[in-house]
There are 2 protein chains.
Amino acid sequence: MTRPATRPLTLRDVSEASGVSEMTVSRVLRNRGDVSAATREKVLRAAKQLGYVPNKIAGALASQRVNLVAVIIPSMSNMVFPEVMTGISRALEETDLQPVVGITDYLPEKEEKVLYEMLSWRPSGVIIAGLEHSDASRAMMAAAGIPVVEIMDTDGTPIDAAVGISHRRAGRMMGQAILEAGYRRIGFMGTQLGADHRARKRFEGFTEALAKGGVEIEDREFYANGSALAKGREMTQAMLERSPELDFLYYSNDMIGAGGLLWLVEKGYDVPGKIGLAGFNDVRLLQGLPQKLATMDSCREEIGRRAAEMITARLTDPDAPGGKVELSPKINRGDTLRSR
Amino acid sequence: MTRPATRPLTLRDVSEASGVSEMTVSRVLRNRGDVSAATREKVLRAAKQLGYVPNKIAGALASQRVNLVAVIIPSMSNMVFPEVMTGISRALEETDLQPVVGITDYLPEKEEKVLYEMLSWRPSGVIIAGLEHSDASRAMMAAAGIPVVEIMDTDGTPIDAAVGISHRRAGRMMGQAILEAGYRRIGFMGTQLGADHRARKRFEGFTEALAKGGVEIEDREFYANGSALAKGREMTQAMLERSPELDFLYYSNDMIGAGGLLWLVEKGYDVPGKIGLAGFNDVRLLQGLPQKLATMDSCREEIGRRAAEMITARLTDPDAPGGKVELSPKINRGDTLRSR
DNA sequence: GTGAAAGCGCTAACAT
DNA sequence: ATGTTAGCGCTTTCAC
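The shown structure was predicted, so the numbers you read here are calculated from the model rather than taken from an experiment.

**Things to note about the overall build of chain A**
When you go through chain A residue by residue, the secondary structure sums to twelve helices and twelve strands. Against the globule reference of 20 Å for 340 residues, chain A gives a C-alpha radius of gyration of 26 Å, more extended than a compact globule. Taking the principal axes of the C-alpha coordinates as reference, chain A spans close to 85 × 50 × 35 Å. The buried share of chain A, reckoned over its 340 residues, is 54%.

**A word on the sheet that holds strand β7 (residues 219–223) of chain A**
Residues and elements named next belong to chain A. Read from one edge of the open sheet, four strands run β7-β6-β8-β9, paired in parallel fashion. Taken across any chain shown, the strands that pair with only one partner, and hence form the sheet edges, are β7 and β9 (276–278). Across the sheet, the mean angle from the axis of one strand to that of its neighbour is 15 degrees, orientation sign disregarded. The strands touched by helix α10 (residues 228–242) within the sheet are β6 (186–191), β7 and β8 (248–251), with β7 carrying the most contacts at an inclination of about 155 degrees. The strands touched by helix α11 (residues 254–266) are β6, β7, β8 and β9; relative to β8, the strand with the most contacts, the crossing angle is about 150 degrees.

**Brief notes about the packing of helix α2 (residues 22–30) of chain B against helix α3 (residues 37–50) of chain B**
Residue and element names in this part refer to chain B. Contact geometry for α2 and α3: axes closest at 10 Å, N-to-C directions at 85 degrees. One element, α2, and the other, α3, form an angle in the roughly perpendicular class. Between α2, through V25, V28 and L29, and α3, the contact on the second element is made entirely by R40, V43, L44 and A47. Of the residues assigned to the contact of α2 with α3, the class counts are six nonpolar, no polar and one charged.

**Structural notes on the UniProt feature "domain: HTH lacI-type" (unreviewed entry) in chain A**
Annotation from UniProt places "domain: HTH lacI-type" (unreviewed entry) at residues 9–63 of chain A. From the first C-alpha to the last, residues 9–63 of chain A spans 20 Å; its make-up is 71% helix and 0% strand.

**Some remarks on the domain arrangement of chain A**
Residues and elements named next belong to chain A. Taken domain by domain, chain A consists of domain 1 (11–54), domain 2 (65–166 + 300–327) and domain 3 (167–298). Facing the 16 residues of domain 2 at the interface are 17 residues of domain 3. Together domain 2 and domain 3 conceal approximately 1,400 Å² of surface at their shared face, both sides included; 49% is due to carbon and sulfur atoms. Area buried by domain 2 at its contact with domain 3 is led by M79, Y106 and R300, which between them contribute 37% of it. Where domain 2 meets domain 3, there are three salt bridges. With a shortest N-O distance of 2.4 Å, D153 and K201 are connected by a salt bridge. One can count 14 residue pairs in polar contact (both at pLDDT 80 or more) joining domain 2 with domain 3. Secondary structure elements with two or more residues in the side of domain 2 that touches domain 3: β4 (148–153) and α12 (300–316). The residue makeup of the side of domain 2 that touches domain 3, split by class, is nine nonpolar, two polar and five charged.

Rules used in this analysis
- Residues numbered from 1 in each chain as written.
- Chains lettered and ligands numbered in written order.
- Predicted model: local features only at pLDDT ≥ 70, side-chain atom pairs only at ≥ 80, totals over all residues.
- Heavy atoms only, no water.
- Helix = DSSP H or I, 4+ residues; strand = E, 2+ residues; numbered from the N terminus.
- Rg over C-alpha atoms; globule rule 2.2 N^0.38 Å.
- Buried < 20%, exposed > 50% of the residue type's maximum accessible area, 1.4 Å probe, protein only.
- Pairing = 2+ DSSP bridges.
- Axes fitted to C-alpha atoms, helices over the stretch in contact; angles between N-to-C directions.
- Contact = heavy atoms within 4.5 Å.
- Parallel < 35°, antiparallel > 145°, perpendicular 65-115°, else oblique.
- Nonpolar A, V, L, I, M, F, W, Y, C, P; charged D, E, K, R; others polar.
- UniProt positions renumbered as here; feature names shortened; annotations may be inferred.
- Domains from an automatic or database assignment.
- Buried area = accessible area lost by both parts, 1.4 Å probe.
- Salt bridge = Lys/Arg side-chain N within 4 Å of Asp/Glu carboxyl O.
- Polar contact = N/O pair within 3.5 Å; in protein donor to acceptor, adjacent residues only side chain to side chain.

What follows is the structure in structure tokens.
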């Protein structure tokens, strides 16, 4: 329970303790240039003994280099972004770059603020979720003079580069698969469309595919907050009481889909005989449910990894490709989407 | 898809563009000191027009102040730490401090590395999970000369201050509650005890309480990785095939408990008549399961909030209380722990 | 292989 | 209300 009020140590302290110039101490601590084994020893010993921790602020200012990558995402409690982070971290582990995360809560104003904060630390690159940003945000990123990779979505024009999937296409694919399986009376449940552009695009693609088959969504319901599992359960019950004729339910994410599935199984519905189900994301968390929900892989970890790789590539070679990288999500039919 | 190679703007650029000294520009941008409305206008216009983003690196070096709080936690995909983060963020939102997160993956060496990295940015404070750290880590934190709050656990001696619950006591409480309810033949499932000190302490407290009642755990099983829900299901099945006489299963976390619950309900077990269940954490995510699992609130958001408040308090007043704050988790009996 | 000088972009402290 | 000076703790550059 002690807290010494000592001023943090500086290079100078190590220099004095070891009898070596500050410059050489700096070289040793960064493994730079030629330093004799003897002085290296001396310096390292002194540094460790004092408990010296370098001041990166001063280092960054002097070298004009900051080994940080700003990662800006809407949320962390979403099951999807932690996996993106895993991909990013893995890819950066082999480099000397470090990810630093900012959360926007799906609010454009907050995104702008977080971006401003992060850019003021002069990171080496930016990885940011989505293609929709305020004008100010876009301007900041364009002006920062660093690689910027927009992730998760490819339906739009990136500022600099993008890696993701087409959510519109993902929605279309699921719509087609459902029609091909023979379902016709379809209900939709999801988050309130608005802040979440990717959910909206999936919804648009979905309705588009249905329309092409001459089918329209017969019922829909949206939710804002609360436990997704519980919401899925509640919304499913409400919808089936209202529209008992439905033979398929498309959920905008796996969690509410799982809630719906649990309710249906509990009530003795024949899934997928009487009614089929599908979600989105392929969250690993849900392995272990009584039945496996049909879903679609959103390539989260790969997106993170590729984004980080694009940053490092453009850092070593400013003319590295960039552009848009569209990954191909696959449908996983699980146990709840079967031809009938 | 453009990326101008322009050098980042400096205060000097804004100064020249506005015809005001660098110092006054700095004052305006930080809302410091008296600046006439007229010059303030001029400066703000120029800054915005140029798209100037201050360089916090230089600012921090000059002012010797960094408005960052290092938050060091084992994992983000755990359901528990995102909620701690929520508490921290909420509490810091009212201040000018910002949380920066580092992940240790429950590895002491990684904790040490992450800590070193973060401290080298000279944060204003540290919030770190757990009371168990390597000697080097403890030394670094003690030497940093900043407030350090260790969270989640109070079974041990903090470096500087701590907020959390006693996991040993939590385990004991659950053990007592189970005995009082009349269960006697008890099985335990959890993560491999080792890296996760808090799970280990709960287990110790649990067995201790049982021992006091003359009861011993009859079967146990540990897992390392994989989907927790699926693991809970598998382990439960394996354990009940091995030890069909069990009348209670205590899980070290809610996710595996939920997996077990789903399997039991599916197999037609009478829960809690024939067999009772309990988990730990009270994760909100699980609202929506067929039955509500007995569990114990781990006070995650409050812990985060209190920790952040302790940091701010000790920043304004270096002699602010500190010490150990032990919160009191409550048992939530749900539908799976009933007197018999 | 090692050291000395200059300066990174800001802000504290002191003018005016 | 505004400007000037010095310097934060490092690294770059150049000298030896």
